[in-house]
Structures are given as C-alpha cells and as structure tokens.
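Observations on the model geometry
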Amino acid sequence: QVQLVESGGGLVQSGGSLRLSCAASGSIFRLYAMGWYRQAPGKQRELVATITSSGSPNYADSGKGRFTISRDNAKNTVYLQMNNLKPEDTAVYYCNADILTNSYLRRPYWGQGIQVTVSS
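Scope of this entry: the structure provided in the associated data block. Please read these numbers as outputs of a predicted model, since none were measured by experiment.

Structural notes on the overall build of the chain
Looking only at helices and strands, the chain has 0 helices and 11 strands in total. In the chain, the succession of helices and strands from N to C terminus is β-β-β-β-β-β-β-β-β-β-β. Radius of gyration (C-alpha) of the chain: 14 Å, near the 14 Å computed for a compact globule of 120 residues. For the chain, the spread of C-alpha atoms along the three principal axes comes to 45 × 25 × 20 Å. Sorting the 120 residues of the chain into buried and exposed places 42% on the buried side.

In structure tokens form, the structure reads like this:
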C-alpha cells in the first residue's frame with residue numbers, strides 16, 4: 001500500500017505564508033511527478049503546481065510568483081511554500097503523486113487533503 005500524508009495547513013492572515021509538506025510512504029518502487037491541487041467550496045479541484053522527478057516545476061497562473069514547489073527525493077516528500085497568501089487561496093489542498101509500486105503497478109495517488117484558510 002501507498003500513503004500520502006500532508007501537513008502544514010492552517011489559518012493565516014492575508015499576506016502571510018504557509019509551507020505544506022506531503023510525505024509518500026509504503027510500497028514505492030519509483031516516485032515520478034508530484035504535485036499539489038486545491039479545491040475551494042463549490043468549485044472543482046484545480047492544479048496548483050507540479051514537479052517532475054528531476055525537479056522541474058510547473059505552476060498554475062494563480063500561484064506564479066507566490067508559490068514554490070520543491071521535493072526531497074531521499075525523503076519521498078514534496079513541499080509547497082506559499083507566500084503572500086490571499087483569501088482566494090482558501091481551499092483544501094491535496095497532494096498527488098505518480099507512483100510505481102513494488103508490484104509494478106503505476107497510477108496516481110492522492111493525499112487526504114489539508115485545509116488552508118486565509119483571512120482578510
């Protein structure tokens with residue numbers, strides 16, 4: 001089995017910062033791209049940022065210049081540094097990872113989600 005566990009969410013004032021972490025564990029043979037998505041109330045889940053196994057990032061326009069995605073392959077962990085947060089960043093943030101398991105099955109996995117609330 002594979003698990004993705006997110007941490008680092010919470011309540012922050014507008015203009016503040018948060019750092020999300022997501023650690024993958026379990027029967028992982030290889031970890032490919034990892035990323036963050038978010039879902040606000042009444043809206044569809046949307047891409048925030050992704051990062052390849054070699055460290056190349058990709059950002060949605062909403063986070064460019066404010067968010068930084070990074071990863072530590074030795075720890076099977078992806079991070080999302082969020083600066084200058086705005087109330088519209090309020091959402092449940094989900095970690096995603098493309099994983100090849102020890103059973104040689106490859107598919108995307110999702111974390112349970114973590115709440116980020118930005119007050120104005």
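A word on the sheet that holds strand S1 (residues 2-7)
The sheet built from 4 strands is open, its strands ordered S1-S3-S8-S7 with antiparallel pairing. This sheet does not close on itself; its edge strands, each paired only once, are S1 and strand S7 (67-72). Going across the sheet, the axis of each strand differs from the next one's by a mean of 15 degrees, ignoring polarity.

Let's talk about the nonpolar core
Counting 30 residues, the largest nonpolar core has Trp36, Leu80, Met82 and Tyr93 as the members making the most contacts within it. Listing elements by their share of this core, those giving two or more residues are S1, strand S3 (18-26), strand S4 (28-39), strand S5 (46-51), S7, strand S8 (77-82), strand S9 (91-101) and strand S11 (114-119). At 5 residues, the largest contribution of residues to this core is made by S9. Setting aside chain neighbours within four positions, we find leucine 80 in contact with Leu18, Arg19, Leu20, Trp36, Val48, Ala49, Phe67, Thr68, Ile69 and Tyr93.

A few points about the environment of aspartate 72
Within the secondary structure, aspartate 72 is located in strand S7. Since its relative accessible area comes to 25%, aspartate 72 is described here as partly exposed. Separated by 28 residues in sequence, aspartate 72 and leucine 100 place their C-alpha atoms 17 Å apart. When sequence neighbours within four positions are dropped, the list of residues in contact with aspartate 72 reads Thr77 and Tyr79. For aspartate 72, the side chain forms a polar contact with the main-chain nitrogen of alanine 74, separated by 3.0 Å.

Rules behind the numbers
Residues numbered from 1 in each chain as written. Predicted model: local features only at pLDDT ≥ 70, side-chain atom pairs only at ≥ 80, totals over all residues. Heavy atoms only, no water. Helix = DSSP H or I, 4+ residues; strand = E, 2+ residues; numbered from the N terminus. Rg over C-alpha atoms; globule rule 2.2 N^0.38 Å. Buried < 20%, exposed > 50% of the residue type's maximum accessible area, 1.4 Å probe, protein only. Pairing = 2+ DSSP bridges. Axes fitted to C-alpha atoms, helices over the stretch in contact; angles between N-to-C directions. Core = buried A, V, L, I, M, F, W, Y, C linked by side-chain atoms within 4.5 Å. Contact = heavy atoms within 4.5 Å. Polar contact = N/O pair within 3.5 Å; in protein donor to acceptor, adjacent residues only side chain to side chain.

Just distances and angles here, no functional claims.
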